[in-house]
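Summary of structural features
Now for the letters of each chain:
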Amino acid sequence: MKTLVIVAHPNLKHSVINKMWVDRLYEEKDITVHELYKAYPDGKIDVAVEQQQLLNHDRIVFQFPFYWYSSPSLLKEWQDVVLTYGWAYGSEGTKLRGKEFMLAISTGGPEAAYQAGGYNHYSMSELTKPFQATANLTGMRFLPTFTAQGVRFLSNERVRESAENLVERLKASY
Ligand SMILES: Cc1cc2nc3c(=O)[nH]c(=O)nc-3n(C[C@H](O)[C@H](O)[C@H](O)COP(=O)(O)O)c2cc1C
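The present account deals with the structure reproduced in this document.

Thresholds, definitions, all that
- Residue numbers run consecutively from 1 along every chain, following the written order of its sequence.
- Residue-level local features of this predicted model are given only where pLDDT is at least 70; pairs of side-chain atoms are given and counted only at 80 or more, and the full residue set underlies all totals for whole chains, interfaces and linings.
- As a convention, hydrogens and water are excluded, and side-chain values are obtained from all of the structure's heavy atoms.
- In this analysis, axes come from line fits to C-alpha atoms, helices being fitted only over the stretch in contact, and the angle between any two N-to-C directions falls in the range 0 to 180 degrees.
- Numbering of helices and strands starts at the N terminus; helices are DSSP runs of H or I of at least 4 residues and strands are runs of E of at least 2.
- Oblique is the label for any angle not under 35 degrees, not over 145, and not in the 65 to 115 range, which are roughly parallel, roughly antiparallel and roughly perpendicular in turn.
- Should the near helix be turned anticlockwise from the far one by less than a right angle, the crossing is termed left-handed; should it be turned clockwise, right-handed.
- For this analysis, residues touch if any pair of their heavy atoms sits within 4.5 Å.
- Think of it as three bins: nonpolar holds Ala, Val, Leu, Ile, Met, Phe, Trp, Tyr, Cys and Pro, charged holds Asp, Glu, Lys and Arg, and polar takes everything else, Gly as well.
- Residues are labelled near a given molecule or strand when at least one of their non-hydrogen atoms is within 4 Å of it.
- Contacts described as polar in this section are N or O atom pairs within 3.5 Å, which, within protein, must combine one atom able to donate a hydrogen with one able to accept it, while residues neighboring in sequence count only if both atoms come from side chains.
- The protein chains shown are the only cover counted for residues, whose accessible areas, like all others here, come from Shrake-Rupley with a 1.4 Å probe.
- Here the term buried applies to any residue with accessible area under 20% of the maximum for its type, exposed to any over 50%, and partly exposed to those in between, with areas from a 1.4 Å probe on protein chains only.

A few words now on the packing of helix H1 (residues 17–25) against helix H7 (residues 156–171). Packing of H1 against H7 leaves a shortest axis separation of 9 Å and a crossing angle of 50 degrees. One way to sum up the angle between H1 and H7 is to call them oblique. In this structure, the crossing between H1 and H7 has a hand that is right-handed. Residues Ile17, Met20, Trp21, Arg24 and Leu25 of H1 lie in contact with H7, whose contacting residues are Val159, Arg160, Ser162, Ala163, Glu164, Leu166, Val167 and Leu170. Classifying every residue of the contact of H1 with H7 by side-chain character gives 9 nonpolar, 1 polar and 3 charged.

Have a look at this one:
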């Protein structure tokens, strides 16, 4: 099982949790870490390189901090240009079919805020529907989302623990 983690954090230097996750993931030999903002500081994504990376892996993971209830913008751009008709979807677009797809998301808001009646009203499962629909359209199996929530209030120990939990989840069979 080869896993590709596509990391979309615009400022990893000032990140706490995504940086910790990335540093930990680099230690895993069956996990490829791909830092989008580092690879494309000018925002111009090399579609052929990205598609080849996807072909080389069985499990695709999007890792990002939740920005406005979605991903940072470069990951949206990545989806727009890499997941093309006739490649990722459409009657002949079968390249991702059978792969697994997972989200690893950090949120500023605590878990309790993400429910009906809570501060943000909607659950993470509801708010990530576009990603679930994308997995569906491209024939990828959507795995349960990994989250770390209320990240400002997490102790260093809990942050480190979340990195270990993420690795465990990324290596698990579903
Ligand atoms: C532009 C922007 C938008 C954000 N939007 C949300 C949001 O919609 N929901 C939320 O819970 N946190 C939001 N946050 C907080 C980030 O998710 C949080 O700071 C991040 O997950 C922390 O991870 P890091 O330490 O790796 O940067 C936002 C932060 C920024 C800068």
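The full set close to the ligand counts 16 residues, and Ser15, Asn18, Phe66, Ser106 and Tyr114 are the nearest of them. Ile17 places a main-chain nitrogen or oxygen 3.1 Å from an oxygen atom of the ligand. Expressed as a share of its isolated accessible area of 640 Å², the protein-covered part of the ligand is 70%. Elements that contribute at least two residues to the shell around the ligand include exactly H1 and strand E4 (100–107).

Mapped onto the fold, Thr138 is located in helix H6 (residues 129–138). Thr138 gets classed as buried once you look at its relative accessible area, which sits at 4%. Within the structure, the side chain of Thr138 is placed 2.8 Å from the backbone oxygen of Thr134, a separation counted as a polar contact. A distance of 3.3 Å separates the side chain of Thr138 from the backbone oxygen of Ala135, its partner in a polar contact. Among residues more than four places away in sequence, those in contact with Thr138 are Ala88, Leu96 and Arg97.

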